[in-house]
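# Coordinate inspection notes
Residues per chain, in single letters:
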Amino acid sequence: MKKHNFSAGPAILPHEVIEGAAQAVKELDNIGLSLIEISHRSAEFKAIMEEACTLSLQLLGLEGKGYQALFLQGGASLQFLMTAYNLLENKAGYVNSGTWSTKAIKEANNFGEVVELASSKDQNFNYIPKGYDIPSDLDYLHLTTNNTIFGTQFKDLPKTDVPLVADMSSDIFSRPFDYSKFDLFYAGAQKNMGPSGVTLVVIKESSFNKVSRVIPSMLSYEVHANGGSMFNTPPVFPVYTLLLNLRWIAQHGGLEGVGKRNAEKAALIYDEIDRNPLFQGFAHQDDRSDMNATFNLSDDAMAGVFDPMWNEANISGLKGHRSVGGYRASIYNAMSKDSVQVLVDCMQEFERKA
Ligand SMILES: *Cc1c(COP(=O)(O)O)cnc(C)c1O
């Protein structure tokens, strides 16, 4: 029996997407060949790449608005340096809201002046910093819209005319959002998009040619854009699987549809965390993520009772990241409300037993 998969990433994908990807590995659309043994320059794969680019921009509400969608390799981690390499001429501002933004800051420091405008490190990143000044002379302001490890999420964006850049690895395609506020955003696929091995970068065309340094071809957004994300061999399997997932999102009401379901699932788990005296939420209520719900036991010694219970309920991937401890329920697009209910039932059963 399939488990209730609360893994933070690589993470749950819709059953239909996994079936479709498995079928395409055997044979793609009755062409007598597998997806992973055809040329990326074939008509079949070109159509896949084009649809993936177009559908990404459509779902994000960015079609015809001067943006390009690129499918690159190297994960979100390579974007930590690629963003700075391509956009940081003098000075960039960063909001430090967790482990991933800390890493992004470290990489950007290699390319220019980096100002940490605000940080929530003082409280182990359990909130989203607000109310800081944003200098007007920044090349860009970098945010991490969803902090996968700590379970916090930007609900509103800081008001500024400075170009916004964001790491959206764990909440892209999860909710309606004004994506046109950003000049560039990126996301590793393995949280809410597809298998690992591909990274989506959405870039405004006006963001090319922003710096005076020479950029090596493989690290240049412009080179990848001019090559249609095929400057070199793209990761064909992750791109195809991601496309199947984008089609699934489109069939499920687009970002409005998945966003509504995600909000309902988040309310279900957070209501129980707040109601049940045996648990404590980790993140500040206003900043809680709809994708990763982090919580701890009121009494850590009770883990010996709770852990076997959720294991027996066929739940997988619930352990919190080592920097927070406790539990993290990642409830990405593909997670059903029924699976979240199984976890809530388990928490209630635990209360009765304890
Ligand atoms: C997982 C994650 C990353 C790291 O992604 P890689 O693809 O492993 O480099 C970066 N940022 C966020 C917000 C993440 O959730």
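Up top you'll find the structure we're talking about.
For the structure given in this document, a descriptive report is provided here. Per chain, residues are indexed from 1 in the order of the written sequence. Only residues with pLDDT of 70 or above have their local features reported here, since the model is predicted, and side-chain atom pairs are shown and tallied only from 80 upward, although totals for entire chains, interfaces and linings are computed over all residues. Side-chain descriptors were evaluated using all non-hydrogen atoms of the structure, hydrogens and water having been removed beforehand.

### A few points about the overall build of the protein chain
- Assigned secondary structure in the protein chain consists of 9 helices and 14 strands.
- Note on method: radius of gyration uses C-alpha positions; expected globular size equals 2.2 Å times residues raised to 0.38. In terms of C-alpha radius of gyration, the protein chain reaches 21 Å, essentially the compact-globule figure of 20 Å for 354 residues.
- Seen along its three principal axes, the alpha-carbon backbone of the protein chain occupies a region of about 60 × 55 × 30 Å.
- Burial classification: accessible surface area is computed with a 1.4 Å probe over protein chains only, and a residue below 20% of its type maximum counts as buried, one above 50% as exposed, and the rest as partly exposed. Buried positions account for 55% of the 354 residues belonging to the protein chain.
- Should any heavy atoms of two residues lie within 4.5 Å, those residues are counted as being in contact. The contacts in the protein chain between residues at least 6 apart in sequence include a share of 67% that link residues at least 24 apart.
- Counting only carbon and sulfur atoms, one obtains 49% of the accessible surface of the protein chain, whose full area is about 14900 Å². Each helix is a run of H or I in the DSSP string that is no shorter than four residues. Each strand is a run of E no shorter than two, and both are numbered from the N terminus. Using a 1.4 Å probe, the Shrake-Rupley method yields the accessible areas, and only the shown protein chains count as cover for residues.

### A closer look at the side chain of Thr241
- Its place among the elements puts Thr241 in helix H6 (residues 236-251).
- A relative accessible area of 2% means that Thr241 is categorised as buried.
- Reaching out from Thr241, the side chain makes a polar contact with the backbone oxygen of Phe237 at a distance of 2.9 Å.
- Setting aside chain neighbours within four positions, we find Thr241 in contact with Leu13, Val17, Ala21 and Pro195. Polar contact criterion, stated in full: a pair of N or O atoms within 3.5 Å, where within protein one must be able to donate a hydrogen and the other to accept it, and residues adjacent in sequence count only if both atoms are side-chain atoms.

### Comments concerning the site of the ligand
- Taken together, 13 residues form the shell around the ligand, and within it Ser77, Thr148, Asp167, Gln190 and Lys191 come nearest.
- The separation between an oxygen atom of the ligand and a polar side-chain atom of Thr148 is 2.5 Å.
- Take Gln190: an N or O atom from its side chain is 2.9 Å from an oxygen atom of the ligand.
- In the complex, 88% of the free accessible area of the ligand, which totals 390 Å², lies under the protein chains.
- The element that contributes the greatest number of residues to the shell around the ligand is helix H3 (residues 75-87), accounting for 4 residues.
- When residues are sorted by character, Ala, Val, Leu, Ile, Met, Phe, Trp, Tyr, Cys and Pro go into the nonpolar class, Asp, Glu, Lys and Arg into the charged class, and all the rest, Gly among them, into the polar class. Its residues assigned to classes, the shell around the ligand shows 3 nonpolar, 8 polar and 2 charged. Residues are classed as near a molecule or strand on a simple rule: at least one heavy atom within 4 Å of it.

### Description of helix H2 (residues 43-59)
- End to end, H2 covers 24 Å across 17 residues, agreeing with the expected 24 Å (1.5 Å per residue, within 8%).
- Among the residues making up H2, those that are buried are Phe45, Ile48, Met49, Ala52, Cys53, Leu55, Ser56, Leu57 and Leu59.
- Among the structural elements, strand E2 (67-72), strand E10 (199-204), H6 and helix H7 (254-275) are those in contact with the buried residues of H2.
- Of the residues trailing H2, Gly61 is marked for its positive phi of about 75°. The span one expects for a helix is its residue count, reduced by one, times 1.5 Å.

### Observations regarding the pairing of E2
- Across the 6 residues of E2, 5 count as buried, placing the element largely inside the fold.
- Paired strands, as defined in this entry, are two strands with at least two bridges between them according to DSSP. As defined by bridge partners, E2 adjoins E10 across 6 bridges and the pair is classed as antiparallel. Considered in E10, the bridge of Phe71 is made with Leu200.

### Here's the deal with the nonpolar core
- Counting residues in hydrophobic clusters, the biggest one holds 57 residues, and the most contacted among them are Phe45, Leu60, Phe71, Ile172, Phe173 and Phe185.
- Here this core takes 9 residues from H6, the largest share from any one element.
- Beyond its immediate stretch of four places on either side in the chain, Phe71 contacts Met49, Ala52, Cys53, Ser56, Val198, Thr199, Leu200, Ser229, Val239 and Leu242. Remark: nonpolar core denotes a set of buried residues (Ala, Val, Leu, Ile, Met, Phe, Trp, Tyr, Cys) joined through side-chain atoms within 4.5 Å.

### Digging into unusual backbone geometry
- In this structure, the amide linkage connecting Gly9 to the following residue, Pro10, adopts the cis form with an omega of -10°.
- Along the chain, Pro10 falls in the loop between strand E1 (4-5) and helix H1 (15-26).
- Here Asn30, not a glycine, exhibits a phi torsion of approximately 55°, which is positive.
- Relative to the helices and strands, Asn30 is located in the loop between H1 and H2.
- Phi angles above zero are rare outside glycine, and Phe173 is one such case at about 60°.
- Residue placement: Phe173 occurs in the loop between strand E8 (164-167) and strand E9 (182-188).

### Describing the packing of H3 against helix H4 (residues 99-108)
- Orientation is described by axes fitted as lines to C-alpha atoms, over the contacting stretch for helices, and by angles from 0 to 180 degrees between their N-to-C directions. For the pair H3 and H4, the least separation of the axes is 8 Å and the interaxial angle reads 40°. It follows from the interaxial angle that H3 and H4 lie oblique. Here the hand of the crossing between H3 and H4 comes out right-handed. Contact residues: H3 offers Phe80, Leu81 and Ala84, while H4 offers Trp100, Lys103, Ala104, Glu107 and Ala108.
- Each residue belonging to the contact of H3 with H4 can be placed in one class, and the counts come to 6 nonpolar, no polar and 2 charged. Working rule for angles: under 35 degrees goes down as roughly parallel, over 145 as roughly antiparallel, 65 to 115 as roughly perpendicular, anything else as oblique. In this scheme, a crossing is called left-handed if the near helix is turned counterclockwise away from the far one by less than a right angle; it is called right-handed if the turn is clockwise.

### A short note on the pattern of salt bridges
- Each salt bridge in this description consists of a side-chain nitrogen of Lys or Arg and a carboxyl oxygen of Asp or Glu lying within 4 Å of one another. Counting across every chain of the model gives 14 salt bridges.
- Its salt-bridge partner being Arg275, residue Glu351 comes within 2.9 Å of it at the nearest N-O pair. Here Arg275 lies in helix H7 and Glu351 lies in helix H9 (residues 337-353), a separation of 76 residues in the sequence.
- Residue classification places Glu351 among the partly exposed residues on the basis of a relative accessible area of 29%.
- One network of salt bridges, with partners in common, ties together Lys260, Glu264 and Lys337.

### A look at the packing of H1 against H6
- It is the contact of H1 with H6, at a shortest axis distance of 9 Å, that shows an interaxial angle of 145°. Where H1 crosses over H6, the two elements pack in a sense that is right-handed. Residues Glu16, Val17, Gly20, Ala21, Ala24 and Val25 of H1 pack against Phe237, Tyr240, Thr241, Leu244, Asn245 and Trp248 of H6.
- When its residues are assigned to classes, the contact of H1 with H6 shows 8 nonpolar, 3 polar and 1 charged.

Geometry only, nothing functional implied.
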